[in-house]
Each structure stands twice: as structure tokens, then as C-alpha cells.
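These are the residues of each chain, in order.
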Amino acid sequence: MLKGHAKIELKNEKTGKLDVIEHDNMITNALSSQLKALATSYGFSGINTEYLPLNNKGMGGIVLFQNMLDENVDNVGIPDEAVNPIIGYASNAISSGTDSKRGNRNLTESSKLANGYKFVYDFATNQANGEIAALGLTHTGAGENPTSSGILGNAIRNNITSATAKTIVNYGVDLDWNTGILTCIQTISTTTLKVSKYRINIGIIPINVNSTLYQPELLSEETITLSGTIRSDTVWVNNEDDSYYYGFYKEDTSTSYVYTGKLVRINKNNYSLDTSYSGSIQAIKDLQTKPSVIMDGYLYCGTNPIVKVNLQDTTDSKYIETTGLSTRSLVAHNGIIHAGNSFIKKDLSIITGRKSGEYAANFLGTSVENQEKVFVRNDGIAIFFSYHDYYSAYYVYAGNLRDYLATINNLDSPVIKTSEQSMKITYTITEE
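The sections below set out a description of the structure shown in this document. (Residues numbered from 1 in each chain as written. Predicted model: local features only at pLDDT ≥ 70, side-chain atom pairs only at ≥ 80, totals over all residues. Heavy atoms only, no water.)

## Section: the overall build of the protein chain
Per the secondary structure count, the protein chain includes three helices and 30 strands. Of all 432 residues assigned to the protein chain, the portion counted as buried reaches 55%. For the protein chain, the proportion of contacts with a sequence separation of at least 24, taken over those separated by at least 6, is 61%. Just so you have it, the protein chain exposes about 18300 Å², and 47% of that area is on carbon and sulfur atoms. (Helix = DSSP H or I, 4+ residues; strand = E, 2+ residues; numbered from the N terminus. Buried < 20%, exposed > 50% of the residue type's maximum accessible area, 1.4 Å probe, protein only. Contact = heavy atoms within 4.5 Å. Areas by Shrake-Rupley, 256 points an atom, 1.4 Å probe, with all protein chains shown as cover.)

## A look at empty space enclosed by the protein
A full pass over the atoms with the stated rule returns two cavities of 30 Å³ or more. In this model, the largest cavity occupies a volume close to 70 Å³. Around the largest cavity sit Ile78, Pro79, Glu81, Ile86, Pro146, Thr147, Asn334, Ile336 and Asp403, which together line it. Per-class residue counts for the lining of the largest cavity are five nonpolar, two polar and two charged. (1 Å grid on protein atoms, 1.4 Å probe; cavity = no way out; pocket = protein on both sides within 12 Å on 5 of 7 lines; lining within 4 Å. Points joined across faces, edges and corners; volume = space filled by probe spheres on them. Nonpolar A, V, L, I, M, F, W, Y, C, P; charged D, E, K, R; others polar.)

## Some details on the sheet that holds strand β19 (residues 298-301)
Strand pairing in a sheet relies on backbone hydrogen bonds. The paired strands run either parallel or antiparallel. Strand order in the open sheet formed by four strands is β18-β19-β20-β21, and the pairing between neighbours is antiparallel. Only two strands of the sheet have a single neighbouring strand rather than two, namely β18 (292-295) and β21 (317-320). This sheet shows a mean twist of 20° between the axes of neighbouring strands, independent of strand direction. Where β18 meets β19, four bridges bridge the pair, whose relative direction is antiparallel. Pairing of Met295 across the sheet is with Tyr298, part of β19. (Pairing = 2+ DSSP bridges. Axes fitted to C-alpha atoms, helices over the stretch in contact; angles between N-to-C directions.)

## Quick notes on the pattern of salt bridges
If you walk through the whole model with that rule in mind, you get 13 salt bridges. One salt bridge in this structure joins Glu81 and Lys345, with 3.9 Å as the shortest N-O distance. You can see Glu81 sitting in the loop between β3 (61-65) and β4 (86-90) and its partner Lys345 sitting in the loop between β24 (342-344) and β25 (350-352), a full 264 residues away along the chain. Under the relative-accessibility criterion, Glu81 is labelled partly exposed at 23%. Residues joined in a network through salt bridges with shared partners are Asp80, Asp296 and Lys346. (Salt bridge = Lys/Arg side-chain N within 4 Å of Asp/Glu carboxyl O.)

By themselves, these are just geometric observations and shouldn't be taken as functional.
Now the structure itself:
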């Protein structure tokens, strides 16, 4: 059984006064969940590359929080910064930048123990200043920057059919992680939908007696006749916080490249159109219909610009130019929109990606023919589908997000680090 202990040393560089705070921690299910889920798809070499040894990879980073964390083994995600601000972070990689939150691993003092490992992190007087109530170990990638740690994926099947790949990528809306059933919704006409159900059998989700591993299995197709009319180019997206799928489209008319759009919604259980709901999206430039995602009651869609629309008050719509942003999928996770190698905050500010090539959109090149659909589980496991017509390549990937909490350590009372203090954190993980 793993056990963790943290010691924080705050030293006033002017007076020499030293304050020491110590506290035990809990180990979450983050690593066990990800390793178990990805063993089939990543294989031993992939697991070794991404996670092992834990002291350099799977637990190689640390994050410091302003507020306490929920001490629950299933609380495995780094929380939304709007809820719990991040004060500091560090990884086993040396930082040579000017990030005022990022410290460094002390490579001299960090060392193997007979029954574990001692992590030592240093923060200078200009780093990680603020109130600290909790800390936790994370992936080394998240320790470089928790809000832009990327999605790493591994291709596990490259011969799914073109028709299956395109249906899932273009119309995939909702993946039930408990059953492995993916719902795809295609608008056929102004009054007709086609709903397709696939079972996703890739080893992460339990398969049934008729399943073939790695191959999406078509379970059913159903034609739905709506009680009202919509546009024939309506695109659908899932809202995890209510019982509706939302559809949207761009109006044809424009003035100075400023378009209006429309929102509609259907019931998840029977796909009936909610005729009482309709919203106009105003003042949106070059609204694109894909990619899209809903987070915290807002629809985000497009690539340039990214459009943000309040589902309950569609007059509250904004867009931001994103020149140079290349993505074929948007993914919401822990309060951040993952968009290729860039990351978008709720205020539509853009965070430059930490590394290239770690998001599914870059695995098969940057050609516009390449399209993806990504689904993320609460613990950071990702499944994504891709097709690339130019290369006749149709892939299923399994992946993981690095922004997880491997440990949780709440202090008895918060400590405040000031610009007069340096800070050393010694974090030991031992096998008891």
C-alpha cells in the first residue's frame, strides 16, 4: 500500500526565519484507473513510455492549490481554476522560462528510497506566491503546466470502415462509458433525423459475447420524424448537465461577414423536438458548424473564430479570432477547452500548447481532410476516432489526459508564501 507525506519549508530570505509544515496525504484512484484502462490499448511499451517510472512520469509533477480538495479516492481531476485557483506547479523537467507559478524539481536532493521515492521541489521568491491549502502529485506533463498538458493517444485499430469512421466523427454525440454505447445523430431533412447506435469495443469498456475487440459495432439505426421543422444542416452536441441534445446551424444571410445562428434541442430519451425552445445567436462572424462542445451551460463551436453561446440566453454570444489555431475537435475537461495544441479558458483567452504532437489532431498530419471526434471520461481516459480521406486511413485511438491528481494532501490550515520567502517541498511516497 502506497503512503505519501509532504513537508513544506518556507524560508524568509531576509530574516532567515524558517516555517515547516508537514502532513500525510491520500492516494487517489487516478493512476490505477488509467493504467487498468489503457493496458489493453497502450501495451507494455506504451505504458512504460507514458507512466513509468512513476517518479519521473506518472507522479513526476506537483500542483499547489488555493483551496482544499475533496478527499475522495475518485476525486482524480485537477479542479477548474475558477473554483480552485492553482498557485504553483513543478515537474521533473527544469524550467528555464519566466512562469511565476512554476518551480523546479531539485534533482540533487530528489532520490530513491529503500521503499519508495523522495520528491523535492524548489520555488524561488518570485514563484508560487499566494495562499496554499492543498497540494498533490500529478503527471510530469501536468506539472509543466496543468492547464495545457495535452492528450496523448495511441492508435489501436487502423482498418475500421470509412463509412463507420465518418458516421462517428461527423455525427457522434454521446458516449455512455458504462455500456460503451455511442449515439450518433444525423439531420437528414428539415423534419427527419437518423439515430445510429454503436458499441465501442476497445478494451477500455467491457465487451459482450458478440463483440470484436477494437471494432465499433453497429447496434441499431432509427429514423425519427420531428414534430416541428429545423434546418437540414443542423449539427448536434451533447449537454451532460441536462436531458437534451442541442442542435445549431448558421443562417445563410450575412452583413459584413457577420452571421446569425439558431439553436434547437431534442429530448435524449425519445428524440422529440422541444418546440418551446429556440434561440437566435447574434453577431457571430463566420460561424462554423464543427467542431463543438458544451461546458457549464455554454456552447463552444468553430475554429476561427471560436464562438461561445449561453444556452439559456442566446443573446449572450461571443466570439474570438483564433488565427493559426488548427483543430478538428473541441474537448471540454476540468474547465478548459482542448483545441488541438491550444487550450481555451472560459473567458475565451487562448493558452499556447505546451508540446506539439500530443493531441489527436496532429497524429495524422495537419491536412484539412483529417477529422476527429473525441470523448473524455471523468478520470481522463480518452477515446477518439479519426479519418483521413487523402491517406485512406480510419483510426480508433485510446488516450489519456495528464491533468489528474495522483495524490491529495490538504494542510491543517492554509499557508501563505510571500515574495520574501523561498519554498522547498519534500514529498515522499513509500510502500508501507
